[in-house]
Amino acid sequence: MKKKDNVYAYLYGGNIYVNLTNRCCNNCTFCLRNTGDGVSGSVLWLEKEPTAAEAETAVKKLLDDNPNAKEVVFCGYGEPTYKLAEIKAVASFAHERGLKTRLNTNGLGSLVNGRDIAPELKGIIDTVSVSLNESNAEKYDGVCKSAYGKAAFDELKDFTVRCVSQGIDTVMSVVDVIGKEAVKECEAIAESCGARLRVRRYEPKW
């Protein structure tokens, strides 16, 4: 049975991370959700999702205790774009406090929300990091097991292109365990989308 708490923000690597939801349209085989209850001692399974005000209060408390934090990152135990209104509100608050903002996403937020959300992120999110994860649709589907099937792979690439077109600093990421050849293929994909690639080391637990 999973432990549950209502940790709406947590500190990691000197940055403030915001945990808005546990909902996700993917079921990635390597996801931290499959190996533990949270990050750095914070239980990230939620009993209830936060309102914008509750998330903002959690961020403010961490910021008061950690005034050297530079960035607010939307990344918890779910796909943040399920809570787009809350992202906008908390990101605006972060900018008012002089912090940068980043969205870590599976790139499927436009499907989740039923509209192109990239224009809504402009001026709100400084950096968008899209989880590319694999080098083609078939491999992606095998690893990420998206509710949208193989179509998810083209969608996340399209989302990346749309974010780039909005002038948002956009990164695609992969985990190093996919192998050097696949990483090279992913570098080419990121370049074709106008983004850069970040290769992350696989961490079963943070």
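Note: the structure precedes this text.
What comes next is a walk through the structure.

The rules behind each value
- Residue positions are given per chain, counting from 1 as you read along its sequence in written order.
- For this predicted model, a pLDDT threshold of at least 70 governs which residues receive local features, and a threshold of 80 or more governs which side-chain atom pairs are given and counted, while totals over whole chains, interfaces and linings are taken from all residues.
- The side-chain numbers reported here are obtained from all heavy atoms of the structure, hydrogens and water having been left aside.
- Only DSSP runs of H or I reaching four residues or more are called helices, and only runs of E reaching two or more are called strands; each is numbered from the N terminus.
- How far a helix is expected to stretch is found by multiplying one less than its residue total by 1.5 Å.
- In this scheme, a residue with accessible area under 20% of its type's maximum is buried, one over 50% is exposed, and one in between is partly exposed, where area comes from a 1.4 Å probe on protein chains only.
- By arc we mean the arc of the directions from the helix axis to the C-beta atoms, nothing more.
- The criterion used for residue contact is that any of the two residues' heavy atoms lie within 4.5 Å.
- A pair is scored as a salt bridge if a Lys or Arg side-chain nitrogen falls within 4 Å of a carboxyl oxygen belonging to Asp or Glu.

## Focus on helix α7 (residues 180-193)
Then, in step 1: When the terminal C-alpha atoms of α7 are compared, their 20 Å separation across 14 residues agrees well with the 20 Å that a helix rising 1.5 Å per residue should span.
Then, in step 2: For α7, the complete set of buried residues consists of A182, V183, C186, I189, A190 and C193. Burial along α7 is one-sided: seen end-on, the buried residues are contained in an arc of 115°. What points out from α7, more than 90 degrees from its buried face, is the exposed set K180, E181, K184, E191 and S192.
Then, in step 3: Considering only its buried residues, α7 is in contact with α6 (151-165), β8 (169-175) and β9 (196-200).
Then, in step 4: Directly beyond the C-terminal end of α7, a positive phi value near 85° is found at G194.

## Notes on the pattern of salt bridges
Then, in step 1: The tally for this structure, following the rule as stated, stands at 14 salt bridges.
Then, in step 2: The residue D64 makes a salt bridge to R97 at a minimum N-O spacing of 3.5 Å. In this pair, D64 sits in helix α1 (residues 52-65) while R97 sits in the loop between α2 (84-96) and β6 (100-105), placing the two residues 33 residues apart along the sequence.
Then, in step 3: Judged by relative accessible area, which is 44%, D64 ranks as partly exposed.
Then, in step 4: With a shortest N-O distance of 2.9 Å, R162 and E155 are connected by a salt bridge.

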